[in-house]
Amino acid sequence: RRVEPLVVGSGPLLCNFNQFYKVVPEVWDLWMSILQASPSATLWLLAWSTAGKASLQAYADQAGVGRGRLVFSTFFEERWHVAAKGVCDLFLDNVPYSAHGTAADALFTGFAKS
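Rules and cut-offs
Residues numbered from 1 in each chain as written. Predicted model: local features only at pLDDT ≥ 70, side-chain atom pairs only at ≥ 80, totals over all residues. Heavy atoms only, no water. Disulfide = S-S within 2.5 Å. Helix = DSSP H or I, 4+ residues; strand = E, 2+ residues; numbered from the N terminus. Buried < 20%, exposed > 50% of the residue type's maximum accessible area, 1.4 Å probe, protein only. Expected span 1.5 Å × (residues − 1). Arc of directions from axis to C-beta. Contact = heavy atoms within 4.5 Å. Core = buried A, V, L, I, M, F, W, Y, C linked by side-chain atoms within 4.5 Å.

With that out of the way, let us pick up the state of the cysteines. One pass over the full model with this rule turns up one disulfide. The partner cysteine of Cys15 in its disulfide is Cys88, sulfur to sulfur 2.3 Å. Taking the sign of the torsion about the S-S bond as the criterion, the disulfide between Cys15 and Cys88, at about -105 degrees, is left-handed. Of this pair, Cys15 sits in strand E3 (residues 13-16) while Cys88 is found in the loop between strand E5 (70-73) and strand E6 (90-91), placing the two residues 73 residues apart along the sequence. The pair formed by Cys15 and Cys88 is uniform in burial state, with each residue classed as buried.

With that settled, the discussion passes to helix H2 (residues 50-62). With 13 residues, H2 should reach 18 Å at 1.5 Å per residue; the first-to-last C-alpha distance of 18 Å fits that figure. Considered for burial, the residues of H2 that qualify are Gly52, Leu56, Gln57 and Ala60. Along H2, the residues classed as buried sweep out an arc of 135 degrees about the axis, all on the same side. Looking at H2, the residues exposed on the side facing more than 90 degrees away from the buried face are Thr50, Ala51 and Gln62. The inward-facing, buried residues of H2 contact helix H1 (25-37), strand E4 (42-46) and E5. Looking one or two residues beyond H2, the residue adopting positive phi is Gly64, at roughly 80 degrees.

Another aspect to go through is the nonpolar core. Core analysis: the biggest nonpolar cluster contains 18 residues, and Trp28, Trp31, Met32, Leu35, Leu43, Leu45 and Leu70 have the highest contact counts within it. With five residues, H1 is the single largest residue contributor to this core. Apart from the residues lying within four places of it in its own chain, the contact partners of Trp28 are Val23, Leu43, Leu45, Leu56, Tyr59, Ala60 and Leu70. If you look at the next biggest cluster of nonpolar residues, it comprises 10 residues, including Leu13, Cys15, Phe17 and Ala84.

Here is the structure:
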């Protein structure tokens, strides 16, 4: 799989592109449980801020998942904005917040058909 400039491993690619404030501790714990149960999976996030990225990496380490299982990218170029969501194997949404337009982009790509 390839999305310029991101290249990920061969395992399942879990994605969430929401701002960090939408990732509440209960949701993060759930995502870490999913990664623990799927050792080859990777979680792809947007790097909204340097401090937030560092915090999520530390939380992944604390959960025993390890920061290496998190992949961060910067904002997508316009040509990749919607297409990037199509490489996700599983698009993760947030509770009590939701992805709104980002989730619609993911569904538009047809990723759920695979």
